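Remarks on the overall topology
Next come the chains, spelled out residue by residue.
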Amino acid sequence: MDSGEILESVSRKRLVMTWLNEWKPEFKAEGISRCVYEIEPAGASAKLTLTHSIERPDSRFIGAVSEGWPMVISNLKSLLETGDVALDYHRAPGE
């Protein structure tokens with residue numbers, strides 16, 4: 001469904017990767033996007049900053065995935081804290 005490449009990896013601090021959506025032709029046509037995950041200490045906790053960008057103004061792909069990132073991050077937090085995810089999402093047939 002998607003492809004990409006890891007551009008930079010700094011253990012426990014930073015991950016930079018490319019992302020090409022390959023399951024929707026209109027998203028694939030927009031080209032490669034870039035995801036940057038940054039982790040920094042925040043007291044006894046950690047702060048995760050996610051930046052997902054593309055060099056295309058008004059990207060429909062970025063708009064679409066931006067709606068999903070809060071669920072992904074929320075589930076990651078739940079998984080790390082409890083060992084289980086809070087939200088379970090299944091794509092409908094044909095999506």
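Basis of the calculations
Residues numbered from 1 in each chain as written. Predicted model: local features only at pLDDT ≥ 70, side-chain atom pairs only at ≥ 80, totals over all residues. Heavy atoms only, no water. Helix = DSSP H or I, 4+ residues; strand = E, 2+ residues; numbered from the N terminus. Buried < 20%, exposed > 50% of the residue type's maximum accessible area, 1.4 Å probe, protein only. Contact = heavy atoms within 4.5 Å. Areas by Shrake-Rupley, 256 points an atom, 1.4 Å probe, with all protein chains shown as cover. Lys, Arg positive; Asp, Glu negative; His and termini not counted. Charge placed at Lys NZ, Arg CZ, Asp CG, Glu CD. pLDDT = per-residue confidence, 0-100. Salt bridge = Lys/Arg side-chain N within 4 Å of Asp/Glu carboxyl O.

1. Quick word on the overall build of the protein
In terms of helices and strands, the protein carries two helices and five strands. Listing the helices and strands of the protein from first to last along the sequence gives β-β-β-α-β-β-α. Over its C-alpha atoms, taken along the principal directions, the protein stretches across nearly 45 × 30 × 20 Å. Going through the 95 residues of the protein one by one, you find that 22% of them count as buried. Residue pairs in contact within the protein that sit at least 24 positions apart in sequence constitute 24% of those at least 6 positions apart. Accessible surface for the protein amounts to roughly 7,000 Å². Of this, 54% is attributable to carbon and sulfur atoms. Each charge class in the protein was averaged separately, 11 positive and 15 negative side chains, and the resulting centres sit 4 Å apart.

2. Focus on the confidence of the model for the protein
For the protein, the average pLDDT comes to 90, and 92% of its residues sit at 70 or higher. Helix H2 (residues 60-82) is the least confidently modelled element of the protein, averaging 89 in pLDDT, while strand S2 (residues 6-10) averages 98, the highest of any element.

3. A closer look at the pattern of salt bridges
The full count for this structure, using the stated rule, is four salt bridges. One salt bridge connects Glu8 with Arg14, and the closest N-O pair in it is separated by 3.1 Å. A residue is classified by how much of its surface remains accessible, and Arg14, at 24% relative accessible area, is partly exposed. A salt bridge links Lys77 to Glu81; the shortest N-O distance between them is 2.8 Å. Linking Lys77 with Glu81, this pair stays in helix H2, spanning four residues, or about one helical turn. Through salt bridges that share partners, Glu8, Arg14 and Glu38 make up one connected network.

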